[in-house]
Amino acid sequence: MEKTNFFTTPIWIDKKPEFVKSLNKVSDKYIKEARKRNKKHIAKYGDFGISHHSTPLLYDNNFLDMRQYVGQKSWDFLDAIGYDMSQYQTMFSEMWVQEFAKKGGGHQTTHVHSNQHVSGFYFLKCSNKTSFPVFYDPRTGAKATALKMKTPEILSGTNVVHFIPKPGDLLIFPGYLEHGFAVDDGVEPFRFIHWNMQAVPKEMAKDVV
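In this report, the structure presented in the accompanying data block is examined.

Each value, and the rule that gives it
- Residues numbered from 1 in each chain as written.
- Predicted model: local features only at pLDDT ≥ 70, side-chain atom pairs only at ≥ 80, totals over all residues.
- Heavy atoms only, no water.
- Helix = DSSP H or I, 4+ residues; strand = E, 2+ residues; numbered from the N terminus.
- Rg over C-alpha atoms; globule rule 2.2 N^0.38 Å.
- Buried < 20%, exposed > 50% of the residue type's maximum accessible area, 1.4 Å probe, protein only.
- Contact = heavy atoms within 4.5 Å.
- Areas by Shrake-Rupley, 256 points an atom, 1.4 Å probe, with all protein chains shown as cover.
- Lys, Arg positive; Asp, Glu negative; His and termini not counted.
- Charge placed at Lys NZ, Arg CZ, Asp CG, Glu CD.
- Patch = residues over 30% accessible without salt bridge, like charges linked within 9 Å, V, L, I, M, F, W, Y side chains within 5 Å.
- Salt bridge = Lys/Arg side-chain N within 4 Å of Asp/Glu carboxyl O.
- Pairing = 2+ DSSP bridges.
- Axes fitted to C-alpha atoms, helices over the stretch in contact; angles between N-to-C directions.

## Some thoughts on the overall build of the chain
- Across its full length, the chain carries five helices and 10 strands.
- For a compact globule of 209 residues, the expected C-alpha radius of gyration is about 17 Å, and the chain comes in at 18 Å, within 12% of that figure.
- With the C-alpha coordinates aligned to their principal axes, the bounding extent of the chain is approximately 60 × 50 × 30 Å.
- Expressed as a percentage of the 209 residues in the chain, the buried residues total 41%.
- Here the contacts in the chain between residues at least 6 apart in sequence split such that 85% fall between residues at least 24 apart.
- As presented, the chain carries roughly 12,500 Å² of accessible surface, and 55% of it is formed by carbon and sulfur atoms.
- For the chain, the distance from the average position of its 27 positive side-chain charges to the average position of its 22 negative side-chain charges is 8 Å.

Given below as structure tokens:
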């Protein structure tokens, strides 16, 4: 019998350790500012159970090299999927850095970012003792009819997968893919950059200031 697979979900994994040192340094002030904004929570509960989220990074030229690299890779990602990218221009809609609480409990529940075509992560501080990203089967019908799996091996019926990152790892995935982060134990620092991109028709992109 011929066996085929359709409707698969691509996730690209890249290694860019050369960005880690410089981006950690310029991210420090953003995390410090985020902690200040969360000082009421910290005063009441300690630095537990929260994700310190920066303001936007899109206009900070310290992140320019990374934005250029990620922007091109995101275009390549959509092109490789098969979209006619001669008709579109990719544009960042969001980029921020975040760090989970020092005393643990930081996490993210399952979510997507509305009206985005490409999403991604770049990991700055992490280890096998920290949180990690979790991806969920985007096929609604598959979720509704899922059966019990016979093995933990990742197969066509698997509905949840996770990735244990190392500093410098970069992940690119479709904007429709549900994702979240496992609860962090607070043993070691966990920091990453997250971004979202849209593919805008070129005739519309000309009007964007």
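## Let's talk about a positive patch on the surface
- Together, Lys32, Lys36, Lys39 and Lys40 give the surface a local cluster of positive charge.
- For the positive patch, the elements supplying multiple residues, two or more each, are helix H1 (20-37) and helix H2 (39-45).
- For Lys32, a relative accessible area of 54% corresponds to the exposed category.

## Some points on the side chain of Thr90
- The topology assignment puts Thr90 in strand S3 (residues 88-100).
- Residues contacting Thr90, with those up to four places away along its chain left out, are Gly71, Trp75, Leu78, Met85, Met197, Gln198 and Ala199.

## Thoughts on the sheet that holds strand S4 (residues 108-111)
- With respect to topology, four strands assemble into an open sheet ordered S4-S9-S6-S7, the strand pairing being antiparallel. One side of each edge strand has no neighbouring strand; the edge strands of this open sheet are S4 and strand S7 (160-162). With strand direction ignored, the average angle separating the axes of adjacent strands in the sheet is 20°.

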